[in-house]
Amino acid sequence: MKHTSASPIREEDIGSWAIETDVAIVGFGAAGACAAIEAADTGADVQVFELASAGGGSTAMSSAEIYMGGNGGTAVQRSCGYNDSSDNMRAFLNTAFGASSDPDKVDAYVDGCAAHYDWLSSMGVPFKHTELKDRAIMALTDDCLLYTGSEAAWPFNLAAEPVPRGHNIQVEGDNGGPLLVRILTEQVSARERVSVHCDARVLTLVVSEAGAVVGLIVRIDMQELAVRARGGVVLCAGGFCMNEAMVRRYAPMFAEGLTPIGNPGDTGTGILMGIGAGAGTVNMHECFVTLPFYPPASLTYGIFINDKGQRFINEDVYHGRVAHACLAQQRSVSNRVYLIADVEAYGEYESISFLQAPVVGTGETIEELEAEIDLPEGTLVATLTRYNADAEAGEDKLFHKSRQWLRRLEPPLVALDCTIGRGSFYPFFTLGGLDTLPTGEVLTPERKSIPGLYAAGRTAAGVPRTAAGYASGMSVGDATFSGRMAGRSAAASIHC
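Procedures and definitions
Residues numbered from 1 in each chain as written. Predicted model: local features only at pLDDT ≥ 70, side-chain atom pairs only at ≥ 80, totals over all residues. Heavy atoms only, no water. Helix = DSSP H or I, 4+ residues; strand = E, 2+ residues; numbered from the N terminus. Rg over C-alpha atoms; globule rule 2.2 N^0.38 Å. Buried < 20%, exposed > 50% of the residue type's maximum accessible area, 1.4 Å probe, protein only. Contact = heavy atoms within 4.5 Å. Areas by Shrake-Rupley, 256 points an atom, 1.4 Å probe, with all protein chains shown as cover. Expected span 1.5 Å × (residues − 1). Polar contact = N/O pair within 3.5 Å; in protein donor to acceptor, adjacent residues only side chain to side chain. Pairing = 2+ DSSP bridges. Phe/Tyr/Trp six-rings, centres within 6.5 Å; stacked < 30°, edge-to-face > 60°. Axes fitted to C-alpha atoms, helices over the stretch in contact; angles between N-to-C directions. Left-handed = near helix turned anticlockwise from the far one by under 90°. Nonpolar A, V, L, I, M, F, W, Y, C, P; charged D, E, K, R; others polar. Core = buried A, V, L, I, M, F, W, Y, C linked by side-chain atoms within 4.5 Å.

## A short note on the overall build of the protein
And step 1. Check the secondary structure of the protein and you find 13 helices and 21 strands.
And step 2. Computed over its C-alpha atoms, the radius of gyration of the protein comes to 24 Å, within 12% of the 23 Å expected for a compact globule of 496 residues.
And step 3. Each principal axis of the C-alpha atoms in the protein carries an extent, and together these give about 80 × 50 × 40 Å.
And step 4. When the 496 residues of the protein are sorted by exposure, 61% land in the buried category.
And step 5. Taking contacts inside the protein between residues at least 6 apart in sequence as the whole, the part at least 24 apart equals 73%.
And step 6. Carbon together with sulfur atoms contributes 50% to the accessible area of the protein, which is approximately 18500 Å² in total.

## Remarks on helix α9 (residues 319-332)
And step 1. For α9, which comprises 14 residues, the first-to-last C-alpha distance of 20 Å matches the rise-based estimate of 20 Å (1.5 Å per residue) to within 8%.
And step 2. Along α9, the residues that are buried comprise H319, G320, R321, V322, A323, H324, A325, C326, L327, Q329 and Q330.
And step 3. Looking at the buried side of α9, the elements it contacts are α5 (156-159), β13 (287-289), β14 (303-306) and β15 (337-342).

## Examining the environment of E151
And step 1. In this fold, E151 is placed in the loop between β5 (145-146) and α5.
And step 2. The spacing of E151 and E209 is 58 residues in sequence and 49 Å in space, taken between C-alpha atoms.
And step 3. Beyond its immediate sequence surroundings of up to four residues, E151 is in contact with Y67, F92, F156, N157, P162, V163, R165 and A471.
And step 4. Polar side-chain contacts of E151 include one of 2.7 Å to the side chain of Y67.
And step 5. At 3.2 Å, the side chain of E151 and the backbone nitrogen of G149 are in polar contact.

## Quick word on the pairing of strand β9 (residues 213-220)
And step 1. For β9, a buried count of 7 out of 8 residues is recorded, marking the element as mostly surrounded by other parts of the structure.
And step 2. Connecting strand β8 (residues 200-207) to the antiparallel partner β9 that follows it, the hairpin turn spans 5 residues, and G211 within it adopts a positive phi of roughly 95°.
And step 3. Here β9 runs beside strand β10 (residues 223-235); their pairing, made up of 6 bridges, is antiparallel. Within β10, the position partnered with I220 by the bridge is Q223.
And step 4. The antiparallel hairpin formed by β9 and β10 contains 2 residues in its connecting segment, where D221 sits at a positive phi of about 55°.

## Focus on the sheet that holds strand β4 (residues 66-67)
And step 1. Within the open sheet, the 3 strands sit side by side as β4-β6-β5. Their pairing is antiparallel. One side of each edge strand has no neighbouring strand; the edge strands of this open sheet are β4 and β5.
And step 2. Sheet analysis places β5 next to strand β6 (residues 166-167), joined by 2 bridges and oriented antiparallel. What sits directly across from L145, in β6, is H167.

## Points about the environment of Y82
And step 1. Note on placement: Y82 falls in the loop between α2 (75-79) and α3 (86-97).
And step 2. For the pair Y82 and S402, spaced 320 residues apart in sequence, the C-alpha separation works out to 21 Å.
And step 3. Ignoring sequence-local partners within four residues, the contact set of Y82 consists of G72, Q77, E131, K133, L145, V163 and P164.
And step 4. For Y82, the side chain forms a polar contact with the side chain of E131, separated by 2.8 Å.

## Here's the deal with the packing of aromatic side chains
And step 1. For the structure on display, the rule yields 14 aromatic pairs.
And step 2. Here F240 and Y250 contribute two aromatic rings whose centre-to-centre distance is 6.1 Å and whose plane-to-plane angle is 70°, an arrangement assigned as edge-to-face. Placement of F240 in the loop between β10 and α7 (244-250) and of Y250 in helix α7 is noted, with a sequence separation of 10 residues between them.
And step 3. Residue classification places F240 among the buried positions, given a relative accessible area of 0%.
And step 4. Measuring from ring centre to ring centre gives 5.9 Å for Y346 and Y349, while their planes differ by 40°; the resulting arrangement is tilted. Pair noted here: Y346 and Y349 are both in helix α10 (residues 343-351), with a separation of 3 residues, about one helical turn.
And step 5. Assessed through its relative accessible area of 10%, Y349 is described here as buried.
And step 6. The rings of F288, Y318, F429 and Y470 are connected pair by pair, giving a single aromatic cluster.

## Some thoughts on the packing of α3 against helix α4 (residues 103-122)
And step 1. Two elements in contact, α3 and α4, have axes whose closest approach is 10 Å; the angle formed by their N-to-C orientations is 145°. Once α3 is placed against α4, the crossing between them reads as right-handed. Within the contact between the two elements, α3 uses S86, M89, R90, L93 and N94 and α4 uses P103, V106, D107, Y109, V110, D111 and C113.
And step 2. In the contact of α3 with α4, the residues fall into 7 nonpolar, 2 polar and 3 charged.

## Describing the nonpolar core
And step 1. Judged by nonpolar contacts, the single largest core of 139 residues is most densely connected at F49, F127, L216 and F304.
And step 2. Broken down by element, this core gets its largest block of residues, 9 residues, from helix α1 (residues 30-41).
And step 3. Discounting chain neighbours no more than four positions away, the residues touching F127 are I66, M68, V76, Y117, L120, S121, C144, H167, N168, I169 and Q170.
And step 4. Counting residues in hydrophobic clusters, the runner-up holds 16 residues, among them I373, L380, L384 and Y387.

## Observations regarding the side chain of Q77
And step 1. Within the secondary structure, Q77 is located in helix α2.
And step 2. Polar contacts involving the side chain of Q77 include one to the main-chain amide nitrogen of T74, which spans 2.9 Å.
And step 3. In contact with Q77, other than residues within four places in its own chain, are M68, G69, G70, Y82, D84, L145, V163, P164, R165 and H167.

This is the structure we're talking about:
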């Protein structure tokens, strides 16, 4: 029988239940694992269904920084001399996401963040009580604490005191994701109440006559099985960046020239299942996107310009905010985007970089570079004249780049082509999903809870809402936290 994700099966059409459980979880990434642990520890029997041959999801492919703070700071923050109040963290997050922010989810995350750090530590996730001071995308050392967003940059430093909240797991190299997944998987395996089924494709949900979600249909070993979930179903099936049709429909700004980053299962099936059961969606037009122009950190001394020779961003912000601004330029203002750097910065770029931007122009004078990259005459000269005067004065009056990253850009100069589709690396993943309460309960478009249906991770629209305000670690932080909340809620509903 052919089933589609968005067409649930009626309970009365189920002949018999092949599996009965308290809580059924779709997906075994970080969100699904945390949901399973929390549900089992609340006293529920749990069945987890994973499409792939092993768990991990997109978290296993990530660096797995975890964004945490508030409540006076985590143990690591306090050890490194930071007192991070909840009001301070809340002010940053609400400023970062603006009108897109969900204040209830921000409040729940901030209020529970320090306890979440303690919970992760109790699971065996190691955090070293040291800080990495470098401007970096990730800590390749085993140091823990680092700035992973735009906390210290304008305009965020006006709204909240800058505090680092990125928590890197204690492991050298880009190996945080595999380590976090291994630890969570071991914790799931240690719980007798949890059974995990891999190579198990969940096809659709099962709903009662009253509209409550009471189970699901899963295909295992070529057999379609009906699974009854007394407490409910938790959807932790990832986002939809691997579904080109969904991206074009819901997030068309991100549909051309970008590279999806996620696991092959990020096809939106969990979101479609929720929609089929009557759920509303939120923030489906937004994605995280990045342009990893640092390392080397020295490229922050450079300036981004459009094809009119104009700056459009303070370059000391997080790489995701820069990418979001570049995308906006190219979708509405400019055909090309360049990063202009001096020879010193470019020399470091040749030794370490993730950017992959090609050199398209060099100049012994500003005028020579301006002509080589075909800018309108005098535009780059005017931009750099103003920029260098501000750098010399120690104040970027146009875009407020911090004094730390201001220096005159003197020829010879280099232009890196950061235009989408011309070689630069622009990875993205989706930030929209099912509308949920902080507890994980899935809501209808009228914001009424759908009995028996919960969602977490990138299947839901969580705390992070846009690349313009994102910081590394927000997705893994949100996925692990929201997974716990959804698992706990589903388990608690058994006794209601």
